[in-house]
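Each chain, letter by letter, is given below.
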Amino acid sequence: MVLKVFFPSCCSSADSGILIGRWISEQNSAVILAVVHFPFIPVQVKQYLGEVQRVTKVSVSVLGSWSNSKQEKEESLSEFLEDLGTIFCHEPWIQISKEGDSKFWSCSTLQKHSKKPQEEEIILVYYDQRKVMLSHLHPPLDTAGQRAEDASKLSAIFDTVARSRVLFMTDRYDEGPIKLTHWQSDGVEASIIVELMKQASVPACMLLTFLLSLLSGICRSRVLKFWPLSFLWSKLSTCEQLGHRLQHLQVISSNKKAQNQNQLMRKANIFVSLLIDVALGILLMSWLYRKNRIGHLADTLIPVADHVAEELQDLLQWLMGAPAGLKMNRALDQVLGRFFLYHIHLWISYIHLLSPFIEMILWYVGLSACLGLTVALCILSDIIALLTFHIYCFYVYGARLYCLKIYGLSSLWRLFRGKKWNVLRQRVDSCSYDLDQLFIGTLLFTILLFLLPTTALYYLVFTLLRLLVVIVQGLIHLLVDLIDSLPLYSLILRLCRSYRLAAGVKFRVLEQQDGKPLRLLMQINPLSYGGVVQTYRLPTYSCYPRDSWASLCKKLFLGELIYPWKHKGEKQN
């Protein structure tokens, strides 16, 4: 039978003493946590271990003895260490000794209370106690069969070291009766700045929680449920993003302690995302208000709007003629062209009416960048939606006319075949029509069929313009989603301290000799960058539709509307 002993590499130069740790009987493994070196009183050691068990809920006990022959030269030391096995009564009693300056170690077991002691093959595994304690083991995604069993065995080792954090709070400078050697035996790591921030974070979080609860109460009030405000809140992407960030602030300022590592990493990712978002927003705001860039932007906005309107007028004049040599229905072509030209005239008048106030509006809009770059990008998306509202109106008119004719032609085509659509059963049934119905249906089908090319051309042109606006807004919302959902803290942690995100371990052979225990070094395999993003990706609340290509083509063919937002209750893919 194979006995696996996990020994911390920080205890290699420790003074002689006893080994304390956890015995995992299911795996026939011993996890050494620290070395208690001489002098000590056994009763005090048992009391100390009892307190550690009560706090950590880990069955910590004395597993064996450790002998460093380089420092201890007494011949009776080995006999004394063997006698300790009768005091602490652990089976098997593990004896590890270092042979002076030699690189070879000896490891053996004693089974005094067993009638038939068995010879066990011993594997001595070194591990970095600090990295194992601070890391979080991520089991593989394919947790089936042998991989799931190996992951559970490794997680028991990681969990034992992580839950024994209280044991590492005692260093060699403590005046207690017990002297321990572990990864923090030279002194507990601490920082005055970190401690001051911890003390100041409590009242700051309480104040922030109160303000956020007050703000969320205002947002849930009945005032915002009336029609104009509720419509704006559901349609504007800026309101959606502000609500999303409000939820993030509530998560960060919550005084509830994180229950597990995933919740802790989620809070850290949200905090870093907010911090970077606000920092980028402040940089954008400082760039806008320097060298009167907002004034230059306002001066160029009106000429650009006029140029777009002139291009649309030229496009409509081209459609009212013979576009690409196509023969159009002149009466319908003239009616649609003049109708759209009148809308462009109204739009130009609306833009010039707002021109004296555009610089002031942009000046106040620029201040919103202090709330974050994502808020500024959402405001930019809403401004684009407002400036291209006439294109959206053209698209809606063309889509409605095209959709009406498509559905009319399909209904009349069923009339020719002696069919009709059953509304109650949602299916096509047989039906007999008289001569007058067939005559009128033939006339209507002919009229709609010959008017379809003219309507389809207008619909195609304005749909392409609408898709151009949708693509621009989609790129903006893609950047917002990237900032909102990217786990920046986890990626920085993976870059700087990759051992904190462990995907598994690998073992390197240090010593393999007959008559000696096999010595291995356990090294942590970090989680890949793709695995980090997949594991800790934050949920997004983007208001932009994410239709598949097949669904989008179906909507375009049938003339259904493509909205720049999702409706309430619509589920995102």
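Before any of the text, the structure's been laid out above.
It should be emphasised that the depicted structure is a prediction, and the values quoted were computed from it without experimental measurement. (Residues numbered from 1 in each chain as written. Predicted model: local features only at pLDDT ≥ 70, side-chain atom pairs only at ≥ 80, totals over all residues. Heavy atoms only, no water.)

### Notes on the packing of aromatic side chains
Formally: Any two rings among Phe, Tyr and Trp, with Trp reduced to its six-membered ring, count as a pair given centres within 6.5 Å; such a pair is stacked if its planes are under 30 degrees apart, edge-to-face if over 60, and tilted if neither. Only DSSP runs of H or I with at least four residues qualify as helices, and only runs of E with at least two residues qualify as strands; both kinds are numbered from the N terminus onward. To sort residues, take the accessible area from a 1.4 Å probe on protein chains only and compare it with the maximum for the residue type: under 20% means buried, over 50% means exposed, and anything in between is partly exposed. Geometrically, a lysine NZ or arginine CZ counts as sitting over a ring once it is within 6 Å of the ring centre and also within 35 degrees of the ring normal.
Applying the stated criterion to the full structure yields 15 aromatic pairs. Between W347 and Y350, the aromatic rings sit 5.2 Å apart at their centres with planes inclined by 40°, giving tilted as the arrangement. Taken together, the positions of W347 and Y350, both in helix α10 (residues 330-354) and 3 residues apart, correspond to about one turn of that helix. Among the residues examined, Y350 registers a relative accessible area of 39% and is labelled partly exposed. Among the aromatic residues, those joined into a ring-pair cluster are F339, F340, F394, Y397, Y458 and F462. The ring of Y529 carries R494 above its face, with NZ or CZ at 4.6 Å from the centroid.

### Notes on helix α16 (residues 529-536)
Quick note on the threshold: Read the arc as the range of directions from the helix axis to the C-beta atoms. Contacts are residue-level and defined by heavy atoms, with any inter-residue pair within 4.5 Å sufficient.
For α16, every residue scored as buried is listed here: G531, V532 and Y536. On an axial view of α16, the arc spanned by its buried residues comes to 105°, and they lie on one face. Buried residues along α16 sit against β8 (136-137), α8 (261-288), α15 (488-496) and β12 (501-511).

### Let's talk about unusual backbone geometry
Positive phi, normally seen in glycine, also occurs at K57, with a value near 60°. Positionally, K57 belongs in the loop between α1 (42-56) and β4 (60-68). The backbone phi angle of K291 is positive, close to 60°, even though this residue is not glycine. Tracing the backbone through its elements, the reader meets K291 in the loop between α8 and α9 (293-319).

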